[in-house]
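A look at the structure
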Amino acid sequence: MTEHPIDFTAVRAELRALDRGSLLIIAERAVELVPAAQLSTLLNDVVRLTARSSESGNAPVSLPQDVRAFYDAAMAGNYYETVEINNRGRQEQSAGTDAFIAECHRLLHQCIRAADREAPSEAGASFELLFGLLSHIDKGNDDVLFFANDGSSLDVGVDWRAALPAYFRCLAKASSPEEFAPTVERAIADFVICDRSWYVEVARNVANDAQGIALDMLVT
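So, here is what we can say about the structure in this document. Here the structure is a predicted model, which means the values were calculated and not measured.

As a further point, take the nonpolar core. The nonpolar side chains of a soluble globular protein tend to be buried with one another. In terms of nonpolar packing, the biggest core is built from 53 residues, with Phe-100, Phe-127, Trp-160, Leu-164 and Phe-168 touching the most fellow members. Of all the secondary-structure elements, those providing two or more residues to this core are helix H4 (63-75), helix H5 (95-114), helix H6 (120-138), helix H7 (160-174), helix H8 (177-191), helix H9 (196-206) and helix H10 (209-219). The leading source of residues in this core is H7, at 9 residues. With near-sequence residues (within four places) excluded, Phe-100 lies in contact with Phe-70, Ala-74, Tyr-79, Leu-133, Ile-137, Val-144, Leu-145 and Val-156.

Quick look at the structure:
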């Protein structure tokens, strides 16, 4: 299939119309995708690039460590930042909320990539920690994020059709039938209940025979 050249003028016009949060998500993705040797070209005149100190060691931070650090920072209120509520402010989010959403997207994307590549129990546990954070927000707790209007995990904009199938693959590899079925059902009920049948089918397709039977018994 022939690929059409990208209209960069149109892309730039769309980028200029995006809000700060969307631009921050794009920036996070760019930092992940651009080779380290080219980061200075991308960022040098805008962001100061700091070399890793010798005290921090050369070992990269693992996904569970990265997710745990984000979870602890969020629960400690590090992303909680108010914005003045007025006629215009009601349509805005604080810089802290934008930063939380961008970091949550980055880490979920890392979990999705790790689901088929790394230890499924570690990827699954990382998913669960992020899901727990979103559930905490959905329970009406206002100590993690500030929304000018009543907010929920819907405002984080998670791509559930990418995240939950990857999570179910982790579960299928690492959990017993007795654990698999109720965990799948709880995740669906918490975040995607309106599309329940589609997600149940996705979970069934990655389950082994015993897990599939347990799931069928639970959902019927």
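A separate point is the pattern of salt bridges. In total, this model carries 9 salt bridges according to the counting rule given. With its nearest N and O atoms 2.4 Å apart, the salt bridge here joins Arg-161 to Asp-195. Of this pair, Arg-161 sits in helix H7 while Asp-195 sits in the loop between H8 and H9; the two residues are 34 residues apart in sequence, bridging distant segments of the chain. Given the relative accessible area of 26%, Asp-195 is considered partly exposed. Beyond isolated ion pairs, a larger network of salt bridges with shared partners links Asp-66, Glu-103 and Arg-106.

This paragraph deals with the packing of aromatic side chains. Summed over the entire model, instances satisfying the criterion amount to 12 aromatic pairs. Each ring, one from Trp-198 and one from Tyr-199, has its centre 4.8 Å from the other, and the planes form 80°; the classification is edge-to-face. For Trp-198, a relative accessible area of 30% translates into the label partly exposed. Residue class for Tyr-199 comes out buried when judged on its relative accessible area of 2%. Three or more aromatic residues joined by ring pairs make a cluster, and in this case those are Phe-127, Phe-131, Trp-160, Tyr-167, Phe-168 and Phe-191. It is Arg-161 that lies over the ring of Trp-198; its NZ or CZ is 3.8 Å from the centre.

All right, on to the packing of H5 against H6 then. With their axes 9 Å apart at the nearest point, H5 and H6 run at an angle of 150° to one another. Relative to H6, H5 is oriented roughly antiparallel. As H5 runs across H6, the sense of the crossing is left-handed. Contacts between H5 and H6 involve Phe-100, Cys-104, Leu-107, Leu-108, Cys-111, Ile-112 and Ala-114 from the first element and Ala-123, Ser-126, Phe-127, Leu-130, Phe-131, Leu-133, Leu-134 and Ile-137 from the second. Residue composition of the contact of H5 with H6, grouped by class: 14 nonpolar, 1 polar and no charged.

Along the chain, the position of Cys-170 falls in helix H7. Those residues within four positions of Cys-170 in sequence are excluded, and the remaining contacts are Ala-115, Pro-120, Ala-123, Gly-124 and Phe-127.

Note that Leu-108 resides in helix H5. Placed 55 residues apart in sequence, Leu-108 and Ala-163 show a C-alpha to C-alpha distance of 6.9 Å. Every residue in contact with Leu-108, bar those within four places of it in the chain, is listed here: Phe-127, Leu-130, Phe-131 and Val-158.

For the rest of this paragraph, the subject is the packing of H6 against H8. With their axes 11 Å apart at the nearest point, H6 and H8 run at an angle of 40° to one another. The pairing of H6 with H8 is recorded here as oblique in orientation. The hand of the H6/H8 crossing is left-handed. Residues Glu-128, Phe-131, Leu-134, Ser-135 and Asp-138 of H6 form the contact with H8, whose own contacting residues are Thr-183, Asp-190 and Phe-191.

The rules behind the values
Residues numbered from 1 in each chain as written. Predicted model: local features only at pLDDT ≥ 70, side-chain atom pairs only at ≥ 80, totals over all residues. Heavy atoms only, no water. Core = buried A, V, L, I, M, F, W, Y, C linked by side-chain atoms within 4.5 Å. Buried < 20%, exposed > 50% of the residue type's maximum accessible area, 1.4 Å probe, protein only. Helix = DSSP H or I, 4+ residues; strand = E, 2+ residues; numbered from the N terminus. Contact = heavy atoms within 4.5 Å. Salt bridge = Lys/Arg side-chain N within 4 Å of Asp/Glu carboxyl O. Phe/Tyr/Trp six-rings, centres within 6.5 Å; stacked < 30°, edge-to-face > 60°. Lys NZ or Arg CZ within 6 Å of the ring centre and 35° of its normal. Axes fitted to C-alpha atoms, helices over the stretch in contact; angles between N-to-C directions. Parallel < 35°, antiparallel > 145°, perpendicular 65-115°, else oblique. Left-handed = near helix turned anticlockwise from the far one by under 90°. Nonpolar A, V, L, I, M, F, W, Y, C, P; charged D, E, K, R; others polar.

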